[in-house]
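Each chain is listed here by its residues.
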Amino acid sequence: MTSVAEPRPTAAGLTAAGLTAAGLTVVQVTVSDPRVRPLLRELGDEYSTRYGKDAHAELARYPDEEFTAPYGGVLLLLLEQGEPVTGGAFRRYDEATAELKRIWTHSAHRRRGLARRVVAELEREAGARGYRRIYLTTGPRQPEPRGLYLATGYTPLFDTGADPETIGPLPFEKHLPAEGADPVHVTRTP
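Residues numbered from 1 in each chain as written. Predicted model: local features only at pLDDT ≥ 70, side-chain atom pairs only at ≥ 80, totals over all residues. Heavy atoms only, no water.

K.L.:
So what about the pairing of strand S8 (residues 170-175)? Which residues, and what values?
P.N.:
Two faces, one strand: in a regular strand the side chains alternate between the faces of the sheet. Most of S8 sits out of view: five of its six residues are buried. As defined by bridge partners, strand S6 (residues 133-138) adjoins S8 across six bridges and the pair is classed as antiparallel. Each residue of the ladder has a partner; that of Tyr135, found in S8, is Glu173. (Buried < 20%, exposed > 50% of the residue type's maximum accessible area, 1.4 Å probe, protein only. Helix = DSSP H or I, 4+ residues; strand = E, 2+ residues; numbered from the N terminus. Pairing = 2+ DSSP bridges.)

Laid out in structure tokens, this is it:
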């Protein structure tokens, strides 16, 4: 498979392959795109560090095709000077719901708000594709993503006062605005 680098229309009618406000280029790619390798490598290492050596299996849990348009999914990278600094994907969970997966920020670029930007891009893309709800889970040993989702308006579908280790994967949801509304307020230039 090859990457999709051509501009694609967005809900706002601008070009998603254009620049975001922070000078990041948004590209839609396939899992086989070489620019995805840092994402997969670092996610695998992160999962293994927190959950043990078998955690790499989480990355193979869903077929790559589920993150492509024909299957209702997408994989986005945000590039800075041509290099991937953050990325993420969604897959079809059900007719109205996209499930976020593979949210990642390069280890050399953390603490810059990039995870928020990629989540916003994924929300925008999901809304443009007709999804009305986002669903996701994060691991109980991942306080950073938990904090990200709480800070960006996701509703926890678990008892936030309970010990996360007693819950297992922590589920969240977010309902997207009605079509035509701008859910992410990311400035774009054509």
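K.L.:
Before we move on, can you summarise helix H1 (residues 37-51) with the specific residues and values?
P.N.:
End to end, H1 covers 21 Å across 15 residues, agreeing with the expected 21 Å (1.5 Å per residue, within 8%). Of all the residues in H1, the buried ones are Pro38, Leu39, Glu42, Leu43, Gly44, Tyr47 and Ser48. Remark: Gly52 follows H1 within two positions and exhibits a positive phi of approximately 110 degrees. (Expected span 1.5 Å × (residues − 1).)

K.L.:
Explain the nonpolar core residue by residue, including any values.
P.N.:
The biggest cluster of nonpolar side chains holds 25 residues, and the ones touching the most others in it are Phe90, Leu100, Val119, Leu122, Tyr149 and Tyr154. Listing elements by their share of this core, those giving two or more residues are strand S3 (74-80), strand S4 (83-94), strand S5 (97-105), helix H2 (114-128), S6, helix H3 (143-151) and S8. A total of five residues in this core trace back to one element, the largest contributor, which is H2. Contacts of Leu100, omitting those with residues within four sequence positions, involve Ala89, Phe90, Val119, Leu122, Ile134, Tyr135, Leu136 and Tyr154. (Core = buried A, V, L, I, M, F, W, Y, C linked by side-chain atoms within 4.5 Å. Contact = heavy atoms within 4.5 Å.)

K.L.:
Residue-level account of the packing of H2 against H3, with values.
P.N.:
When two helices pack together, their arrangement is given by the angle between their axes and by how far apart the axes lie. In contact at an axis separation of 11 Å, H2 and H3 are set at 55 degrees when each is read in the N-to-C sense. With respect to H3, the element H2 is oriented oblique. Relative to H3, H2 is oriented so that their crossing is right-handed. Packed against H2, whose contacting residues are Ala115, Arg116 and Val119, the element H3 presents Leu148, Tyr149 and Ala151 at the interface. Of the residues that constitute the contact of H2 with H3, the class distribution is five nonpolar, no polar and one charged. (Axes fitted to C-alpha atoms, helices over the stretch in contact; angles between N-to-C directions. Parallel < 35°, antiparallel > 145°, perpendicular 65-115°, else oblique. Left-handed = near helix turned anticlockwise from the far one by under 90°. Nonpolar A, V, L, I, M, F, W, Y, C, P; charged D, E, K, R; others polar.)

K.L.:
Give me the lowdown on H2, citing residues and values where you can.
P.N.:
Between its first and last C-alpha atoms H2 spans 21 Å; for 15 residues at 1.5 Å apiece the expected length is 21 Å, and the two agree. For H2, the buried fraction is high: 11 of the 15 residues fall into the buried class. Buried within H2 are the following residues: Leu114, Val118, Val119, Ala120, Glu121, Leu122, Glu123, Arg124, Glu125, Ala126 and Gly127. Once H2 ends, the next one or two residues include Gly130, with phi positive near 95 degrees.

K.L.:
Run through the side chain of Thr68, naming residues and quoting values.
P.N.:
Relative to the assigned elements, Thr68 resides in the loop between H1 and S3. In this structure Thr68 comes out as buried when scored by relative accessible area, which is 14%. Not counting residues up to four positions away in its chain, the partners in contact with Thr68 are Gly73 and Val74.

K.L.:
How would you summarise the pattern of salt bridges if you had to cite specific residues and measurements?
P.N.:
Under the defined criterion, the tally for this structure stands at 14 salt bridges. One salt bridge connects Asp33 with Arg35, and the closest N-O pair in it is separated by 2.9 Å. On the basis of relative accessible area, Asp33 is assigned to the buried category, the value being 5%. For Arg35, a relative accessible area of 26% corresponds to the partly exposed category. Between Glu144 and Arg50 there is a salt bridge; the shortest N-O distance is 2.8 Å. (Salt bridge = Lys/Arg side-chain N within 4 Å of Asp/Glu carboxyl O.)

K.L.:
Any chance you could break down the packing of aromatic side chains for me, citing the residues and the numbers?
P.N.:
Scanning all chains against the criterion turns up five aromatic pairs. With centroids separated by 5.7 Å and ring planes inclined at 85 degrees, the aromatic side chains of Phe90 and Tyr131 adopt a geometry described as edge-to-face. Residue Phe90 is located in strand S4, and its partner Tyr131 is located in the loop between H2 and S6; the two are separated by 41 residues in the primary sequence. Taking 5.6 Å as the distance between ring centres and 70 degrees as the angle between the ring planes, the aromatic pair formed by Tyr149 and Tyr154 counts as edge-to-face. For Tyr149, a relative accessible area of 5% gives the class buried. Its relative accessible area of 3% is what places Tyr154 among the buried residues. Clustering of aromatic rings is evident, with ring pairs tying together Tyr149, Tyr154, Phe158 and Phe172. (Phe/Tyr/Trp six-rings, centres within 6.5 Å; stacked < 30°, edge-to-face > 60°.)

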